[in-house]
Structure formats: structure tokens, C-alpha cells
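# Geometric and topological summary
Read off the chains here:
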Amino acid sequence: MKIQWMVACLLLAGTVTGYAGKEGESTVPPAKQVLIVGLADNVKSNYFYNGMIAEETGLPEDSIAQEYNTIIADNIALESKNGRYRFIPAASAFVPEPVLNEIEVKGESQDSYADLSAVPAEEIKSILDKAGADYLLVLNQHYLQWQERPLRTLFHIVSYSLFDPDKHEILRGNNYFTSMNLENPEKLRKISRKSTSKIASAVIKTLDEK
């Protein structure tokens, strides 16, 4: 599955750095950096097609996935834990497409996950090095699951996969939030906040246990 990757802006204010402590004092280690990358064309649905999404949200059809990914990534990036972790949302610099176009998303809905087996490990390391990151968090899919009964509800199911520089999968999971209808980007950013916080917490908990 071809993807369009966007790597992070590296100017992160307030990054925690170590210091030379006095005898008996411990130094503060630098924060671990997690690069967030959303896949292209990863907004799927059991009911809505791109034209409907564009009409209801005011987004251009060719920008739907980019906007959804940006909202989720930006919200995750707001989370940190005592400065020990930093989430870097994808920003403006493109990674050469041939490097990463072999990535696959397998499964459907809440069961989707990223498969990096066809991507050379050295390329993943190179991307993380350029971003100054230690781990890669892939936003696999944003699934819009519509139900009519018992109540008309739209479930936004965001699936994600976390990898180390050697392409080893550390975590895969999903979280969801709901709305009554398709919402514009500003409203989507607000209603997804609690769900993205849970994604960040799951990543932090997993890294703490490594």
C-alpha cells in the first residue's frame, strides 16, 4: 500500500536534556521521542464515502485522510509524562516515497494493524534519525463505523501500531470516540481529545514497561 509520509518539524520547545549533577545527584535523561506518522488514504467506513465526508465536514476530498491524521497526531502530541516522553506529529518534510511504499495495513476496522515487513530496517532507522526519534507510532486507520440502532451513532475507531528502530512491533491497539454526525475539523479535534489521550497513555505505559 503506497503511503505518503510526512516527517516532523524538529523544533520542539522545552525538550528535556541531561545535566551534570553534583555528587549524589542523578542526571535527568533526555526525553524519549515518538514520531507519529499517519498513512495516506486511511479513512475508511462501512457507510460513508469520501464525497459524503467532504460535504459534511467542509474538507476537500483529497485532504480528508491528511486532516484526520493531523488532528489525531496533534492531540496525541499534547500528551507527555513528566517530560520523559515527547510525541512528534508528522509535519512538512517528505520522506522519499520509494523508501516506505511497501508498508501494508492488514485487518479491518478495530483489528487493522501496520505491517513493515517489506520496508528495509535501515530505512526506518534513517527516518527516525532524521526526526530525532526513538520510536515510530503509525496511525493505521481511522474507521468511521455508522450504526442506526439502538441509537444513531458514529464510532471513530483509530487503530495504531508502535515500532522500535528495528521494526519490532511493541504495541498495537485502537481507541474510539463517538459523534452523532460527521463533524468539521474544529469539532473533531475537541471530541477526539479524550480518546487520543488514552492512546498516548497506552504508548507511555508500554514504553515504561520495556
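A brief report on the enclosed structure follows.

The rules behind these values
Residues numbered from 1 in each chain as written. Predicted model: local features only at pLDDT ≥ 70, side-chain atom pairs only at ≥ 80, totals over all residues. Heavy atoms only, no water. Axes fitted to C-alpha atoms, helices over the stretch in contact; angles between N-to-C directions. Helix = DSSP H or I, 4+ residues; strand = E, 2+ residues; numbered from the N terminus. Parallel < 35°, antiparallel > 145°, perpendicular 65-115°, else oblique. Left-handed = near helix turned anticlockwise from the far one by under 90°. Contact = heavy atoms within 4.5 Å. Core = buried A, V, L, I, M, F, W, Y, C linked by side-chain atoms within 4.5 Å. Buried < 20%, exposed > 50% of the residue type's maximum accessible area, 1.4 Å probe, protein only. Salt bridge = Lys/Arg side-chain N within 4 Å of Asp/Glu carboxyl O. Phe/Tyr/Trp six-rings, centres within 6.5 Å; stacked < 30°, edge-to-face > 60°. Lys NZ or Arg CZ within 6 Å of the ring centre and 35° of its normal. Expected span 1.5 Å × (residues − 1). Pairing = 2+ DSSP bridges.

Further remarks concern the packing of helix H2 (residues 64–77) against helix H6 (residues 193–208). Following both chains from N to C, one finds H2 and H6 inclined at 60°, their axes separated by 8 Å at the closest point. Comparing the axis directions of H2 and H6 gives the class oblique. The way H2 lies across H6 gives a crossing that is right-handed. Contact with H2, carried on its side by Ile72, Asn75 and Ile76, involves Arg193, Thr196, Ile199 and Ala200 of H6 and no other residues of that element.

Another point: the nonpolar core. Counting 34 residues, the largest nonpolar core has Ile53, Tyr68, Ile76, Phe87, Leu137, Leu144 and Leu162 as its most contacted members. Mapped by element, the contributors of at least two residues to this core are strand E2 (32–38), helix H1 (50–57), H2, strand E4 (85–94), strand E7 (135–147), strand E8 (153–163), strand E9 (169–179) and H6. In terms of residue count, H2 provides more of this core than any other element does, seven residues in total. Counting 16 residues, the second largest nonpolar core, distinct from the first, contains Ile88, Ile103, Leu116 and Ile124.

On to unusual backbone geometry. Negative phi values dominate among residues other than glycine, just as trans dominates among peptide bonds. Cis geometry marks the peptide bond from Arg149 to Pro150; its omega dihedral reads 0°. Relative to the helices and strands, Pro150 resides in the loop between E7 and E8. Despite not being glycine, Asp41 shows a phi value in the positive range, around 55°. Here Asp41 is to be found in the loop between E2 and strand E3 (43–45). At Lys167, a position not held by glycine, the phi torsion is positive, near 70°. For Lys167, the position within the fold is in the loop between E8 and E9.

Turning our attention to the pattern of salt bridges. Applying the stated criterion across every chain, the model contains 10 salt bridges. With a shortest N-O distance of 2.6 Å, Glu79 and Arg193 are connected by a salt bridge. Note that Glu79 is positioned in the loop between H2 and E4 and Arg193 in helix H6, a separation of 114 residues in sequence. In this structure, Lys187 and Glu183 form a salt bridge, with 3.9 Å as the shortest nitrogen-oxygen distance.

Before going further, it helps to spend a moment on the packing of aromatic side chains. Enumeration over the complete set of coordinates arrives at four aromatic pairs. Relative to Trp146, the ring of Phe48 has its centre 5.9 Å away and its plane inclined at 75°; by these criteria the two rings are edge-to-face. One end of the pair, Phe48, is in the loop between E3 and H1; the other, Trp146, is in strand E7, and 98 residues separate them in sequence. In this pair, the class of Phe48 matches that of Trp146, namely buried. Site record: aromatic cluster; members linked through ring pairs are Tyr47, Phe48 and Trp146. Here Arg172 stacks its cationic end above the ring of Tyr113, 3.8 Å away from the centre of that ring.

Following the sequence through the fold, Asn174 ends up in strand E9. For Asn174, a relative accessible area of 32% corresponds to the partly exposed category. In the structure, Asn174 is positioned 22 residues away from Thr196 in sequence and 9.9 Å away in space, judged by C-alpha atoms. Those residues in contact with Asn174, other than ones at most four positions away along the chain, are Gln110, Ile157, Val158, Ser159 and Tyr160.

Here the focus is H6. Taking 1.5 Å of rise per residue, 16 residues should cover 22 Å, and H6 covers 22 Å from first to last C-alpha, within 8% of that figure. Looking only at H6, the buried set comprises Ser195, Thr196, Ile199, Ala200, Val203, Ile204, Thr206 and Leu207.

Where E8 lies against E9, 10 bridges are found, and the strand directions are antiparallel. Opposite Tyr160, over in E9, you have Gly173 as the bridge partner. Where E8 hands over to E9, the hairpin turn is made up of five residues, of which Lys167 adopts a positive phi near 70°.

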